[in-house]
Amino acid sequence: MSAHFPATSRQAAEAARPYVLTAFRIVVGLLFACHGAASLFGVLGGAKGGGTIPFGEWPGWWAALIQLVGGALVLLGAGTRSAALLCSGSMAYAYFTVHQEHALLPLQNGGEPSVLFCWAFLAIAVLGSGPYALDRLFAARRPETEPAPQPTTVA
């Protein structure tokens, strides 16, 4: 059995694409889930340098819940496209309601993480989960649907 090595850098990049997408999804999901865990449970430095966000407080607690659950779903590749779209939207909301009022550019208003997460999750929502995801495992285990019965006519 001979190994096939890509002849060009373009072929190598194409061969690596699904694995890089999977790694990107895992890293982005993990980092996002860590933000949520920090805000909800005070771990990893806590919310805003320490502590937690009070239960149910709008919008911070709900954003942290989306970060934790959405990030974990994206990390695992379960409901990836929907979870990533929700995460992307939450970061767009955060940018325009929290950061934009302080200055125009993300570098000036501290909104760089929100912008980066927003676009990263949008890319994941569009491109999908990659080959190593629970979505793929669940899809492989689903039984094929039977064709719908055809109506019979009596002559």
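Residues numbered from 1 in each chain as written. Predicted model: local features only at pLDDT ≥ 70, side-chain atom pairs only at ≥ 80, totals over all residues. Heavy atoms only, no water.

### Topic: the confidence of the model for the chain
Using the following cut-off: pLDDT measures how confident the predictor is about each residue, on a scale from 0 to 100. By definition, any uninterrupted DSSP run of H or I lasting at least four residues is a helix, any uninterrupted run of E lasting at least two residues is a strand, and each is numbered from the N terminus.
Confidence in the prediction of the chain, expressed as mean pLDDT, is 89, and 89% of residues score 70 or more. Confidence, expressed as mean pLDDT per element, reaches its minimum in the chain at helix α6 (residues 134–141) with 83 and its maximum at helix α5 (residues 112–127) with 97.

### Description of helix α3 (residues 80–99)
Test applied: Each residue after the first adds 1.5 Å to the expected span of a helix. The cut-offs for exposure are 20% and 50% of the maximum accessible area for each residue type, with area from a 1.4 Å probe on protein chains only; residues under the lower value are buried, those over the upper are exposed, and the others partly exposed. Each direction from the helix axis to a C-beta atom contributes to the arc, which is the arc of those directions. Working rule for contacts: check all heavy atoms of both residues, and any pair within 4.5 Å makes them a contact.
For α3, built from 20 residues, the straight-helix expectation of 28 Å at 1.5 Å per residue is met to within 8% by its first-to-last C-alpha distance of 27 Å. Three or more residues of α3 are buried, namely Thr80, Ala83, Ala84, Cys87, Ser88, Ser90, Met91, Ala94, Tyr95 and His99. Burial along α3 is one-sided: seen end-on, the buried residues are contained in an arc of 165 degrees. Relative to its buried face, α3 has exposed residues pointing more than 90 degrees away, namely Ser82, Leu85 and Phe96. The inward-facing, buried residues of α3 contact α1 (9–41), α2 (60–76), α4 (106–109), α5 and α6.

### Quick word on the pattern of salt bridges
Stated formally: The rule for a salt bridge is simple: a side-chain nitrogen of Lys or Arg has to be within 4 Å of a carboxyl oxygen of Asp or Glu.
Enumeration over the complete set of coordinates arrives at one salt bridge. A salt bridge links Arg17 to Glu14; its shortest N-O distance comes to 2.6 Å. Here Arg17 pairs with Glu14, and both are found in helix α1, just three residues apart, close to one helical turn. Under the relative-accessibility criterion, Glu14 is labelled partly exposed at 44%.

### Quick notes on the packing of aromatic side chains
For clarity, the cut-off: Planes of paired rings set the category: under 30 degrees apart is stacked, over 60 is edge-to-face and the rest tilted, where pairs are Phe, Tyr or Trp rings (Trp by its six-membered ring) whose centres lie within 6.5 Å.
On inspection of all chains with the given rule, the structure shows eight aromatic pairs. Ring centres 4.9 Å apart and planes at 55 degrees place the aromatic pair Phe32 and Phe117 in the tilted group. Taken together, the residues span a long stretch of sequence, with Phe32 in helix α1 and Phe117 in helix α5 at a distance of 85 residues. Each member of the pair, Phe32 as well as Phe117, carries the same accessibility label: buried. Ring geometry for Phe117 versus Phe121: centroids 6.0 Å apart, planes at 20 degrees, classification stacked. You can see Phe117 and its partner Phe121 sitting in helix α5, four residues apart, about one turn around the helix. One exposure class covers both Phe117 and Phe121, and it is buried. Grouping aromatic residues by their ring pairs yields a cluster made of Phe32, Phe117 and Phe121.

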